[in-house]
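Reading the structure
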Amino acid sequence: MARRARGGGGGAAKAAVDGVKVEFVYADGAKDDVQLSGDWNDWKAIQMFHEGGGMWSVVTPVPPGPHEFKFIVDGEWKHSNRHPTIGIDETSLNNVRYVLPEPDLSAERDGIADPRSRARGQRASATAGGGGAPADPAPAADTKKKRFGK
């Protein structure tokens, strides 16, 4: 279960606004502790939570774009073989992830993202004295009949 930080100055609220909630998982073996560290927060450690069965996870806000990260496992910096890596050799490898921006759901709420809504709106304006061609094309069945001579 994820834990929430309490208190202080609204920093957590600002971070949530500045990033997309991303889940990171470490399942490559740890005795006592795993932390996440990445370039999006100047490599400050973020405590991960033991989920059982050797799995650790955390959900944290990350700005959209490419990001490098590593895990601190029982006090030792490690990359995971379960995530893509970037670097020259074993000593310089970091994990890498590209974070996509969250979709703008407000457009869907307003009916803008749904092409059918847009077509309905155009049809209404064309029939409301807009003077253009009718918005509804001939039904597909009629088109087939004409095309195939039936």
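This report concerns the structure included in the present document. No experiment lies behind these values; they were computed from the predicted model shown. (Residues numbered from 1 in each chain as written. Predicted model: local features only at pLDDT ≥ 70, side-chain atom pairs only at ≥ 80, totals over all residues. Heavy atoms only, no water.)

1. A short note on the overall build of the protein
Scanning the protein for helices and strands turns up four helices and nine strands. Order of helices (α) and strands (β) in the protein, N terminus to C terminus: α-β-β-β-β-β-β-β-β-β-α-α-α. Split into buried and exposed, the 150 residues of the protein put 24% on the buried side. Surface accessibility of the protein: about 10,800 Å² in total, with carbon and sulfur atoms responsible for 54%. (Helix = DSSP H or I, 4+ residues; strand = E, 2+ residues; numbered from the N terminus. Buried < 20%, exposed > 50% of the residue type's maximum accessible area, 1.4 Å probe, protein only. Areas by Shrake-Rupley, 256 points an atom, 1.4 Å probe, with all protein chains shown as cover.)

2. Thoughts on the packing of aromatic side chains
Under the defined criterion, the tally for this structure stands at five aromatic pairs. Here the aromatic residues Phe24, Tyr26, Trp40, Phe69 and Phe71 are joined through ring pairs into a cluster of three or more. Positioned above the aromatic ring of phenylalanine 24 is the side chain of arginine 97, whose terminal nitrogen or guanidinium carbon lies 4.5 Å from the ring centre. (Phe/Tyr/Trp six-rings, centres within 6.5 Å; stacked < 30°, edge-to-face > 60°. Lys NZ or Arg CZ within 6 Å of the ring centre and 35° of its normal.)

3. Concerning the nonpolar core
If you look at the biggest cluster of nonpolar residues, it comprises 17 residues, and the most contacted ones within it are Phe24, Leu36, Met48 and Phe71. Taken together, the elements giving at least two residues each to this core come down to β1 (20-26), β2 (34-38), β5 (55-62) and β6 (65-73). When residues of this core are assigned to their parent elements, the largest contribution, four residues, is made by β1. Setting aside its immediate chain neighbours within four residues, methionine 48 contacts Phe24, Val25, Tyr26, Val34, Gln35, Leu36, Trp56, Ser57, Val58 and Phe71. (Core = buried A, V, L, I, M, F, W, Y, C linked by side-chain atoms within 4.5 Å. Contact = heavy atoms within 4.5 Å.)

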